[in-house]
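Residue strings, one per chain:
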Amino acid sequence: MRNLLMTVSYDGTNYFGFQTQPGGNTVQDHIEGAIRHLTGETVKIHGSGRTDAGVHARQQPFHFHTDSRIPVERWCLALNARLPSDIRVLTAREVPLTFHSRHSAKRKTYRYSINTNRFPDVFQRNYQFHHPGQLNVDAMQASLPYLVGTHDFTSFASRQSTKLSHVRTIYDARIVVDSLAKIPGTTGQGIVHFYVTGSGFLQHMVRIIVGTLIEIGEGKRTPESIQAILEAKDRTAAGPTAESKGLMLWSVEYEEEDLCD
């Protein structure tokens, strides 16, 4: 028995998220189908976490156990030949049987992209939330220190969250403005990218944070309001849930010692 760790990149536009759902058509379903077609095995893959319908991944790890003796360097090409063109396995390596892609994860980073130009980008429309109009990026930046640290994020979690604890740690949060993406002759600031790194995230947590940051950028809330929102531990205290298409799982990090025998 071998334990293989792989990373997958996917455009989530046409899928109901990563993890298997009753209705099917998830990234997990397609990868498991490709493995079955390749090896004849029916395996269950374990992702580093879930993603919602429409959310994308630049690098999402997953692992599975297999009896196949296919050399590790051949897996990516073999699976990609059996996957839709918007799902691509990027890396593969053998890891200890005790490794688990979700339980072993130490840090996860998400990126959310907001297009502030007057008109959406026809080429990036599935990967950006379009918000025509000026945002006060300085105010949005000033709110980020309130998020960093260990907090109860109940106010930023979906009401459907089933987690016993909503305490999570945010290690880093930053905003990067790509002003070069401003379209000449039109209004707008370009693309506002929000990056957040944490120990883990609750259902809709990043999207609710973004919805709240946008309200701060619009002047509807102050940067200091983040602290009161956290203290409220009430979903109604925070802003709306931003659209899923602007969100991308950027990276997942592990300790090297967990990856090696």
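Keep in mind that what you see is a predicted model, and the values were worked out from it rather than measured.

Enquirer: Please provide a residue-by-residue account of the overall build of the protein chain, values included.
Expert: The secondary structure content of the protein chain amounts to six helices and 10 strands. Computed over its C-alpha atoms, the radius of gyration of the protein chain comes to 20 Å, within 12% of the 18 Å expected for a compact globule of 261 residues. Taken over 261 residues, the protein chain has a buried fraction of 51%. Of all intrachain contacts in the protein chain linking residues separated by at least 6 positions in sequence, the fraction that spans at least 24 positions is 72%. Of the side-chain charges in the protein chain, 28 are positive and 26 negative, and the distance between the mean point of each set is 4 Å.

Enquirer: Mind laying out the layout of surface pockets, listing which residues take part and the relevant values?
Expert: If you add up the space inside the largest pocket, you get close to 990 Å³. Lining the largest pocket are 36 residues, and of these Gly-49, Arg-50, Arg-102, Lys-163 and Phe-201 lie nearest its centre. Top element by residues in the lining of the largest pocket is helix 4 (residues 205-217). It accounts for three residues. The volume enclosed by the second largest pocket comes to roughly 160 Å³. What lines the second largest pocket is simply Leu-5, Met-6, Thr-7, Gln-59, Pro-61, Thr-91, Arg-93, Ser-251, Val-252, Tyr-254 and Leu-259. Within the residue set of the lining of the second largest pocket, elements represented by two or more residues are strand 1 (2-10), strand 3 (56-66), strand 4 (87-95) and strand 10 (247-253). Sorting elements by how many residues they give to the lining of the second largest pocket places strand 1 first, with three residues. Counted by class, the lining of the second largest pocket contains six nonpolar, four polar and one charged residues.

Enquirer: I'd love a proper account of the nonpolar core, names of residues and values included.
Expert: If you look at the biggest cluster of nonpolar residues, it comprises 66 residues, and the most contacted ones within it are Ile-31, Phe-64, Phe-156 and Phe-194. Looking at this core, the element that brings in the most residues is helix 4, giving eight residues.

Here is what the cut-offs are and how they apply
Note that residues are indexed from 1 along each chain, following the sequence as it is written. Reporting of local features is limited, given that this is a predicted model, to residues whose pLDDT is at least 70; pairs of side-chain atoms are given and counted only at 80 or more, and all residues count toward the totals for whole chains, interfaces and linings. Remark: hydrogens and water are excluded; side-chain values derive from all non-hydrogen atoms of the structure. Working definition: helices are DSSP H or I runs of at least four residues, strands are E runs of at least two. Numbering for both runs from the N terminus. Here the globule rule is a power law, 2.2 Å times the number of residues to the power 0.38, and the radius of gyration is based on C-alpha atoms. Any residue under 20% of the maximum accessible area for its type is buried, any over 50% is exposed, and the rest in between are partly exposed; the area is computed with a 1.4 Å probe on protein chains only. Every residue pair with non-hydrogen atoms within 4.5 Å of one another is taken to be in contact. Counting rule applied: Lys, Arg positive; Asp, Glu negative; His and chain ends not counted. For charged residues, the charge sits on one atom: NZ in Lys, CZ in Arg, CG in Asp, CD in Glu. Put plainly, a pocket is an open set of points on a 1 Å grid over the protein atoms alone with protein on both sides within 12 Å along at least five of seven lines, a cavity is a set where a 1.4 Å probe fits but cannot get out, and a lining residue has an atom within 4 Å of a point. Grid points are joined across faces, edges and corners, and a volume is the space filled by probe spheres set on the points. Just so you know the grouping, Ala, Val, Leu, Ile, Met, Phe, Trp, Tyr, Cys and Pro go in nonpolar, Asp, Glu, Lys and Arg go in charged, and all remaining residues, Gly too, go in polar. Each nonpolar core is a collection of buried residues, namely Ala, Val, Leu, Ile, Met, Phe, Trp, Tyr and Cys, held together in the definition by side-chain atoms within 4.5 Å.

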